[in-house]
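# What the coordinates show
These are the residues of each chain, in order.
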Amino acid sequence: MSDAGVLPAADAPFVGRRLERVEDTALLSGRGAYGDDLPVKPGTLHAAILRSPHAHARVLGIDTGAAEAFPGVRAVLTGADVKRWSQPFVVGVKSPMEHWSLAQDRVRYVGEPVAVIVAEDRYVAEDALELIRVEYEVLPVAVEIEAAIAEGAPVLHPAVGSNVVSDRSFSYGEPDAAFEAAEHRIQLTVLYPRNSCTPIEGAVVIAEHLAGDEGYEVSSNFMGPFSLHSVMALALKIPGTRLRHKLPRDSGGSFGVKQSVFPYVVLMCLASRKAGAPVKWVEDRLEHLVAATSATSRLCTIEAAVDGDGRISALSYDQFDDVGGYLRAPEPATFYRMHGCLTGAYAIPHLKVRNRVVLTNRTPAGLVRGFGGPQVYFALERLVQRIAQQLGIDPLAVYRRNFVQPEAFPYRAAAGALLDSGNYPLAVEMAEREGGRDELLQRRDTARAEGRLYGIGYAAIVEPSISNMGYISTVMTAEQRAKAGPKNGATASATVSIDPLGGVTVVVASSPAGQGHMTVCAQVVADVFGLVPQQVAVNVDFDTQKDAWSVAAGNYSSRFAGAVAGTVHLAASRLRDKVARIVAHQLACDPADVVFAGGKVGLPDVPGKMLAFARAASSAHWAPGQLPEGESPGLRVTEFWTPPQLTAPDEQDRVNTSAAYGFAFDICAVEIDRDTGRVRIDRYVTTHDAGKLLNPALADGQIRGAFAQGLGAALMEEFRYGGDGSFQSGTFADYLVPTTCEVPDPVIVHLETPSPFTPLGAKGLGEGNNMSTPVCVANAVADALAPIRGACDVRLPLTPLKVMELIGFDDPPPSAGAREASAPSASPAAPGSGSGKALSATGSVQIAATPEVVFNVLLDPRALAKVVPGCHSLEAIGENRYRADVTVGVGMIKARYAAEIALSELDPPHSLRLAGSGSSSLGAARGSGKVRLEPNEGGTRLLYDYSAEVSGKVAAVGSRMLEGAAKIVLAQLFEQLGRQASGQPAQAESRGWWRKMLALFGWKGAA
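## A look at the overall build of the protein chain
Assigned secondary structure in the protein chain consists of 26 helices and 36 strands. Relative to the 2.2 N^0.38 estimate, which gives 30 Å for 1007 residues, the radius of gyration of the protein chain is 32 Å and therefore close to what a compact globule would have. Seen through its principal axes, the protein chain has C-alpha atoms that stretch 110 × 75 × 60 Å. Counting over 1007 residues, the protein chain shows a buried share of 59%. For the protein chain, long-range pairs separated by at least 24 residues make up 76% of all intrachain contacts whose partners lie at least 6 apart in sequence. In the structure as shown, the protein chain presents an accessible area of about 37,900 Å², 52% of it carried by carbon and sulfur atoms. Here the protein chain holds 94 positive side-chain charges and 108 negative ones, and the gap between their average locations is 3 Å.

## Regarding the environment of A115
Tracing the backbone shows A115 in strand β5 (residues 113-119). For A115, a relative accessible area of 0% translates into the label buried. On a C-alpha basis, the gap between A115 and V76 in space is 7.0 Å, while along the polypeptide they are 39 residues apart. With sequence-adjacent residues up to four places away left out, A115 is seen in contact with A48, I49, L50, I62, L77, L102 and I132.

## A few points about the nonpolar core
Counting residues in hydrophobic clusters, the biggest one holds 123 residues, and the most contacted among them are Y317 and F665. With residues near it in sequence (within four places) discarded, F665 still touches L396, Y399, V428, A431, Y458, A459, A460, V685, T686 and T687. Counting residues in hydrophobic clusters, the runner-up holds 60 residues, among them A55, F222, L243 and F719.

## Regarding the packing of aromatic side chains
A complete count under the given rule lists 25 aromatic pairs for this structure. Summarising the aromatic geometry, the rings of F226 and F542 are spaced 4.8 Å apart at their centres and angled 75 degrees between planes, so their arrangement reads as edge-to-face. Placement of the pair is F226 in the loop between β10 (216-220) and α7 (227-236) and F542 in strand β22 (residues 542-543), with a sequence separation of 316 residues. The pair F226 / F542 is uniform in exposure class, with both members buried. Judged by centre distance (5.3 Å) and plane angle (70 degrees), the rings of Y721 and F727 are edge-to-face. Exposure class is identical for Y721 and F727. Each is buried. Connected via pairs of aromatic rings, a cluster forms that spans Y346, Y399, F403, F409, Y424, Y458, F663 and F665. A cation over a ring is seen here: R84 above W85, with NZ or CZ 4.7 Å from the ring centre.

## Thoughts on the pattern of salt bridges
Where charged atoms from two side chains of opposite charge approach closely, those side chains can pair. In total, this model carries 56 salt bridges according to the counting rule given. Taken together, the salt bridges that share partners define one network made up of E439, R443, E450, R452, E671, R680, D682 and R683.

## Focus: the environment of E120
Topologically, E120 is positioned in the loop between β5 and α4 (122-129). Between the alpha carbons of E120 and V279 there is a distance of 9.7 Å; along the sequence they are 159 residues apart. Once residues lying within four places of it in the same chain are set aside, the contact partners of E120 are L45, H46 and G72.

## Points about the sheet that holds strand β25 (residues 610-612)
Strand order in the open sheet formed by three strands is β23-β24-β25, and the pairing between neighbours is antiparallel. A single partner strand is all that each edge strand has here, and the edge strands are β23 (595-597) and β25. In this sheet, adjacent strand axes meet at a mean angle of 25 degrees when their direction is disregarded. Looking at chain direction, strand β24 (residues 600-602) and β25 are connected through three bridges and run antiparallel. When the sheet's bridge partners are listed, G602 is paired in β25 with M610. On top of the sheet, helix α18 (residues 613-622) reaches β23, β24 and β25; it is set at about 80 degrees to β25, its chief contact.

Rules behind the numbers
- Residues numbered from 1 in each chain as written.
- Predicted model: local features only at pLDDT ≥ 70, side-chain atom pairs only at ≥ 80, totals over all residues.
- Heavy atoms only, no water.
- Helix = DSSP H or I, 4+ residues; strand = E, 2+ residues; numbered from the N terminus.
- Rg over C-alpha atoms; globule rule 2.2 N^0.38 Å.
- Buried < 20%, exposed > 50% of the residue type's maximum accessible area, 1.4 Å probe, protein only.
- Contact = heavy atoms within 4.5 Å.
- Areas by Shrake-Rupley, 256 points an atom, 1.4 Å probe, with all protein chains shown as cover.
- Lys, Arg positive; Asp, Glu negative; His and termini not counted.
- Charge placed at Lys NZ, Arg CZ, Asp CG, Glu CD.
- Core = buried A, V, L, I, M, F, W, Y, C linked by side-chain atoms within 4.5 Å.
- Phe/Tyr/Trp six-rings, centres within 6.5 Å; stacked < 30°, edge-to-face > 60°.
- Lys NZ or Arg CZ within 6 Å of the ring centre and 35° of its normal.
- Salt bridge = Lys/Arg side-chain N within 4 Å of Asp/Glu carboxyl O.
- Pairing = 2+ DSSP bridges.
- Axes fitted to C-alpha atoms, helices over the stretch in contact; angles between N-to-C directions.

And the structure:
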């Protein structure tokens, strides 16, 4: 991938070449500097967070006494402390909603922080969490968008009075007249689900409350936007200068989600204040999936006014965004980042939009790779396919008839986006040719002739980059914006300096997460000074008290190539011009004649007038008295840049939401297995126009990464919630992400139409396939199903079960009967109608005792205490009713439950019903099962049919692990019952959890 040799920059620029990443040596040798690698001060304590097991409940009281007395615990932070030392986070709309870093009067999603334990180590902190007692009054929930907006829905924030916290309508052009005159009105309703990006590294925060009134010092792997620095400082009730925030050099991925670290920065600052020492918190995987953030779920009804040739004259969007339990900054930005370009790549003159922001009892939503794009394009590109299908037109003809044409750029879209450059028809032509579309059409014809399900899908998107910081204010009316003051721009900053030995250093206010910042910045600066990249040191550590930055700083919305690298180029160019003036003074020539090439500076056509770069640059350090008149000493330049095209929203709500707009056109061919519903990607072609490519190798890496994530969203990934709001995708057993085995290598095609609005002509491309791939795959699947379903609606993720439901199938009678038999019991003590995670288990155990003896053991409290796994104590509270203290472990999750056990429907010695319910700091559980005793020659055959329901953190481990755990716990219970009844001593816990599970599922080596 690296080019051999070193050539003068003037002859062969490094920008545009496939250079290897300079970051990789440290990362591949285990010497990266990630958040958890950062050194901490002696005496640093460790935090663990108590999280709500309920999706909606009043907090009636909290008892921290036992936890505070636990050895090794230094402090317990509660909502009262938070209320005393901080204030609610600012909200993106005018609303009396209060969002604190710890819950106050109520909790609104599973996983919401309720208290923080600060201890000498994380193990002690985790153990002490179980000692906190919180009294909850469980409230009705609104988990889905439809439920939250329904009449009589439970209101999450009573002071707001509604779950719809923003309702804005927009109209551009004359959409109503266009729909009235249209030959066709084509409409569909789609739902984009919640998903996330699951970086390898979770959140890390190290916070210290400084002495006196110095404020707080924080190190975290927050990735921006640094407008949230102001949000954090305001919440802590301090000036921004008293919140020093530092970022590590390396990041184990972000993809947007690490903006959600900011509430925990505030929380750990307060924990440090309570404990009087630095505090470190590292997010575990379960915490990340349950409570970090997710892509915003969107319910959208979209309609197009279309003529007979497929030309679209108007679009209408009616959209609901599910932002979770709180409108957390920067939301509702998911709506408005894409607002200016809602017409996509198409020249559609008329547009109307209605946006409603909805609160639900789910984790607050936020930035996820593509941020707003997947939601827009899943609706728009599904509609384009529906238009082609309904009118019987080749989809590519529909695209070509509606595209913005090359001669129209820069093109002002209906809602205000200024599309900077592009050649969309040429990109489609390249995709057809280099992706082999004709061959794919032949494959489809052959497959369909043989009765196989084969489809081809397309997607065309514009990919915004360098967000206008004013776009979020579009959520306000023009009058409200005028009162609040204008907001706009996308300021980037960079500092370039030369040391006394001629070394060049670059500092940027961007937090890399694998994009290759150090490599690309070195390429850019090397070209400016006529050096090689190895001569340029790039510093990507970031410190808000020492480095130049702005509210727009950070690594998000594809800012790096267009804004950050471009600003590095501007800063380096200014510094080069200064060096040129100094050298021109020495050589008595015009600065414009000075050349930087091959590591030298001077006049290449004059013998003896080319100086080594180090010597030419060092004179400003070593001999400042010899500088030209009026030239300031020092060789350090800090540059700030913002695109002038990024103006504030106008009075008609038009806004240019980004500075540059790339383009991607994708073709996806899939085959569906009729028997299993599995979707196989036969070929995926993605054509990108990202302006000037700074390093094509890194560009391809970003495309492959986004494609993998987009494929996960299309086929596997979705955050699932129970009817009671319990989170049910808390491990990678249930939240499936693609691996290299599931991700084919896409065909990548590049087109370069440089942007006239960025310093290097570059645009972003790291998010594009997360926007285009989900809908492109969906369109391919819909096309594959068209011969048997016609125009059908598809819902992501397209798991085999969902695809089989679209194909249509009937279970054979044995399977159907088994499914009915395993349904939860409808008795009062059994679980409810699917509100939590439902589990069921059936089985039998042979016991060497008569049914009478077994029955008597179940009625004896002392014997029953020895039978129940993990039982610490058991006391009678009524006839055949007991209160118990029980510890139950499910994989990595261990919970101590205050439980009640009841025996009912007694028919001695033949049968009874065993029921239990309990609650813990990690959730609630309840279950009921019928136990039958049948005599036989060996004693008694005990048969059980048990169903249970769990919620909270325990439910989050997912159905695969829980089903196995339920079988293990019940097997343990009845095995111990047999030992008690037959007079044998209770069996010690001799086998590990996983060995028991393997044995249960028939692996002989686990016995």
